[in-house]
Amino acid sequence: MAERIIKLPDVGEGIAEAELVEWHVKIGDIIREDDLLAAVMTDKATVEIPSPVDGEVTWIGAEIGDTVAIGSALVKLKVAGSAGAEDPAAEPEAPKPASKPAAAAEASAAKAEAPKAEAQKPAPTVEPPKAMTVPKPTRGVVQATAQNPAPRRAPGEKPLASPAVRLKAREAGIDLRQLSGTGPAGRILHEDLDAFLLRGPDAERAPGLSQKSAVTDIKVVGLRRKIAEKMALSKSRIPHITIVEEINVTPLEDLRATLNKKPAPERPKLTLLPFLMRAMVKAISEQPNLNALYDDDAGIIHQHAGIHIGIATQTPTGLMVPVVKHAEARDIWGCGIELNRIAERARDGTATRDELTGSTITITSLGALGGIATTPVINYPEVAIVGVNKMMIRPVWDGTTFVPRKMMNLSSSFDHRVIDGWDAAVFVQRLKELLENPATLFIDV
């Protein structure tokens with residue numbers, strides 16, 4: 001018996017060391033060639049290290065979490081032989097002789113000190129057995145045919161495959177015993193695994209259907225990165241409380257339809273949002289603490305007299321929040337005119353920085369796509385946001401019978417650090433009262 005030292009091989013260009021992340025063997029284990037010894041991780045990938053020989057593990061050179069240099073001793077094996085040897089980690093595996101007669105002829109030629117050219121020639125009278133003849137693999141997906149059959153493994157025999165193929169199969173959840181290899185000696189190639197993944201294990205898969213494994217990496221830059229940062233900041237720093245309230249907007253919709261019958265330049269057609277903006281102005285006049293910005297680093301609440309309502313607007317480049325400044329100084333039509341103007345400028349990319357900043361409270365609305373309820377994310381550092389959900393006709397009990405009514409939910413979120421649940425509920429109920437009685441929006445008291 002002899003000792004064989006297995007070194008950590010080169011696991012990638014420019015890699016000088018790797019972290020040991022998993023052992024597949026322990027001292028005393030009997031392993032066979034191609035069994036996995038360990039797994040190491042570089043900054044690029046996890047690589048499995050197979051054994052190049054049969055033997056018994058007598059020593060392991062590192063613990064999980066250790067950093068191992070390329071070329072360092074990883075494992076020692078007791079192998080059959082009369083002298084110890086080191087694993088030639090950086091050298092390619094030498095090709096195996098095609099047959100014993102050919103090897104014997106080559107040895108005899110070496111003893112006779114024949115010329116090198118003669119020693120390289122196979123014995124003229126020896127022909128390798130047909131069973132050892134393996135067709136040269138071609139690039140691409142190779143299909144076994146009657147002329148080029150894939151060697152069949154004996155029951156229970158371990159499939160031959162490189163560590164990279166084994167890793168790819170394990171990540172895809174594929175048992176390599178299901179595959180027939182088309183490489184030398186039946187070795188399973190990447191092409192065999194790719195073909196299996198495309199074909200799938202179900203032979204009855206509908207024609208034209210196949211699994212897809214492509215991954216597209218999209219760098220988050222520009223506006224999308226800013227949106228991501230703002231949302232993460234809000235959710236990480238603000239403890240949200242969300243209240244959902246049902247609003248009967250039937251009277252408001254009737255009034256809106258009447259007002260829109262005769263539009264004029266100074267009185268354009270109205271959507272629901274200008275009514276909501278006026279309701280918010282009235283409610284905030286009674287609860288000014290909701291029209292504020294909270295500087296949590298300084299521990300100061302900046303309560304604003306002017307009501308600047310941000311309108312979350314979807315644009316071709318992403319979400320923007322143009323701002324209707326001084327909504328308290330605008331009537332229903334004034335709010336509608338300014339809302340249409342800034343929303344259009346945001347969508348066509350001409351909005352200025354001043355038109356996109358300075359909000360003190362925000363409205364978010366997805367219109368008909370708004371869902372039954374939402375949980376709006378506060379536009380940091382504001383302390384409140386009002387979300388509009390889609391309008392639906394639902395049966396409502398009026399005390400004696402069910403009647404059809406146009407119903408809509410408001411989903412409003414508040415910064416629970418500075419807005420108590422009671423104050424949030426009072427604000428929502430005031431909005432409900434004003435929207436369900438829209439005539440009160442035109443009365444200044």
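Predicted model, so just to flag it, every value in this text is computed and none were measured.

**Details of the nonpolar core**
Judged by nonpolar contacts, the single largest core of 46 residues is most densely connected at Leu-276, Ile-363, Leu-410, Phe-414 and Phe-427. No other element matches helix α7 (residues 272–286), which puts 10 residues into this core. Every residue in contact with Phe-427, bar those within four places of it in the chain, is listed here: Ala-283, Ile-284, Gln-287, Leu-290, Ile-361, Val-386 and Phe-414.

**Concerning the sheet that holds strand β2 (residues 17–23)**
Taking strand neighbours across the sheet as the criterion, the four strands line up as β5-β4-β2-β7 in an open arrangement whose pairing is antiparallel. Of all the strands in the sheet, the pair left with one neighbour each is β5 (46–50) and β7 (67–69). Neighbour to neighbour, the strand axes of the sheet diverge by 45 degrees on average, direction disregarded. Alignment of strand β4 (residues 36–41) against β5, held across five bridges, turns out to be antiparallel. Among the inter-strand pairings, Val-40 is bridged to a residue of β5, identified as Val-47.

**Concerning the side chain of Thr-313**
Along the polypeptide, Thr-313 turns up in strand β13 (residues 309–315). Looking at Thr-313, the relative accessible area reads 3%, which means it is buried. From its side chain, Thr-313 meets the backbone oxygen of Ile-311 in a polar contact 2.9 Å long. Ignoring anything within four residues of it in the chain, the contact list for Thr-313 reads Gly-318, Leu-319, Met-320, Pro-322, Ala-343 and Arg-347.

**Concerning helix α9 (residues 421–436)**
Between its terminal C-alpha atoms α9 stretches 22 Å, which fits the 22 Å expected from 16 residues at 1.5 Å a residue. For α9, the complete set of buried residues consists of Ala-424, Phe-427, Val-428, Leu-431, Lys-432, Leu-434 and Leu-435. Elements in contact with the buried residues of α9: β10 (240–248), α6 (250–259), α7, β16 (361–365), β17 (384–397) and β18 (402–415).

**Things to note about the packing of aromatic side chains**
Under the criterion given, the structure shown has three aromatic pairs. For the ring pair Trp-397 and Phe-402, a centre distance of 4.9 Å and an interplane angle of 65 degrees mean the geometry is edge-to-face. Assessed through its relative accessible area of 48%, Trp-397 is described here as partly exposed. Since its relative accessible area comes to 54%, Phe-402 is described here as exposed. Judged by centre distance (6.1 Å) and plane angle (85 degrees), the ring pair of Phe-414 and Phe-427 falls under edge-to-face. With Phe-414 in strand β18 and Phe-427 in helix α9, the pair connects residues that are 13 residues apart, well separated along the chain. Accessibility assignment for this pair places Phe-414 and Phe-427 in one class, buried. Its guanidinium or amino end placed over the ring of Trp-59, Lys-76 lies 4.9 Å from that ring's centre, counting from NZ or CZ.

**Looking at the packing of α7 against α9**
With their axes 9 Å apart at the nearest point, α7 and α9 run at an angle of 135 degrees to one another. Taken together, the axis directions place α7 and α9 in an arrangement best described as oblique. Crossing handedness for the pair α7 and α9: right-handed. Residue-level inspection shows Phe-275, Leu-276, Ala-279, Met-280, Lys-282, Ala-283, Ile-284 and Glu-286 of α7 in contact with α9, the latter providing Phe-427, Arg-430, Leu-431, Leu-434 and Leu-435.

**Side note on the side chain of Glu-48**
Assignment of secondary structure puts Glu-48 in strand β5. A relative accessible area of 5% places Glu-48 in the buried class. Contact partners of Glu-48, with chain neighbours within four places excluded, come to His-24, Leu-36, Ala-38, Ala-39, Pro-163, Arg-166, Leu-167 and Arg-170.

**Section: the pattern of salt bridges**
Tallying each qualifying case throughout the model produces 18 salt bridges. The partner of Asp-296 in a salt bridge is Arg-237, and the shortest N-O contact between them spans 3.3 Å. Taken as a pair, Asp-296 in the loop between β11 (292–295) and β12 (300–303) and Arg-237 in helix α5 (residues 222–237) lie far apart in primary sequence, 59 residues in all. A salt bridge links Arg-430 to Glu-433, with the shortest nitrogen-to-oxygen separation between them at 3.0 Å. With Arg-430 and Glu-433 both in helix α9, this residue pair falls three residues apart, about one helical turn. Each member of the salt-bridge network shares a partner with another, and the members are Arg-237, Asp-296, Asp-297, Asp-415 and Arg-417.

**Describing α7**
Taking 1.5 Å as the rise per residue, α7 with 15 residues should run 21 Å; its terminal C-alpha atoms sit 22 Å apart, in good agreement. Counting buried positions along α7 yields 13 of 15 residues, so the element is predominantly enclosed. Measuring from the side-chain oxygen of the N-cap residue of α7 to the backbone nitrogen of Leu-273 gives 3.4 Å; that N-cap residue is Thr-271.

**A word on unusual backbone geometry**
Of the consecutive residues Tyr-380 and Pro-381, the connecting peptide bond is found in the cis state with omega at 10 degrees. Locating Pro-381 in the fold gives a position in the loop between β16 and β17. One non-glycine residue, Asp-34, lies in positive phi territory at about 80 degrees. By the element assignment, Asp-34 lies in the loop between β3 (30–31) and β4.

Criteria and thresholds
- Numbering of residues starts from 1 in each chain and follows the order in which that chain's sequence is written.
- Thresholds applied to this predicted model are a pLDDT of at least 70 for local features of residues and 80 or more for the giving and counting of side-chain atom pairs; totals over whole chains, interfaces and linings are not thresholded and use all residues.
- Where side-chain values are given, they derive from all heavy atoms of the structure, hydrogens and water being excluded.
- To form a nonpolar core, buried Ala, Val, Leu, Ile, Met, Phe, Trp, Tyr and Cys residues must be joined to one another through side-chain atoms within 4.5 Å.
- Accessibility here uses a 1.4 Å probe with only protein chains present; expressed as a share of the type maximum, an area under 20% marks a residue as buried, one over 50% as exposed, and anything in between as partly exposed.
- For helices the rule is a DSSP run of H or I covering at least 4 residues; for strands it is a run of E covering at least 2, with both sets numbered from the N terminus onward.
- Contacts are assigned to residue pairs that have any heavy atoms within 4.5 Å of one another.
- DSSP-based pairing: two strands are paired if at least 2 bridges between them are found.
- Each axis is a line fitted through C-alpha atoms, and for a helix only the stretch in contact is used; angles between axes span 0 to 180 degrees, taken between their N-to-C directions.
- Pairing of N or O atoms within 3.5 Å defines a polar contact, subject to two protein rules: one partner must be a possible hydrogen donor and the other a possible acceptor, and residues neighboring in sequence count only if both atoms are side-chain atoms.
- Here the expected length of a helix is defined as 1.5 Å per residue gap, with one fewer gap than residues.
- By convention, a stacked pair of Phe, Tyr or Trp rings (six-membered ring in the case of Trp) has centres within 6.5 Å and planes under 30 degrees apart, an edge-to-face pair has planes over 60 apart, and any other such pair is tilted.
- In this scheme, Lys NZ or Arg CZ marks a charge over a ring once it lies within 6 Å of the ring centre and within 35 degrees of the ring normal.
- Should an angle lie under 35 degrees it is considered roughly parallel, over 145 roughly antiparallel, and from 65 to 115 roughly perpendicular; all remaining angles are considered oblique.
- Here a crossing is taken to be left-handed if its near helix is turned anticlockwise relative to the far helix by less than a right angle, and right-handed if that turn runs clockwise.
- Here a salt bridge means any side-chain nitrogen of Lys or Arg lying within 4 Å of a carboxyl oxygen belonging to Asp or Glu.

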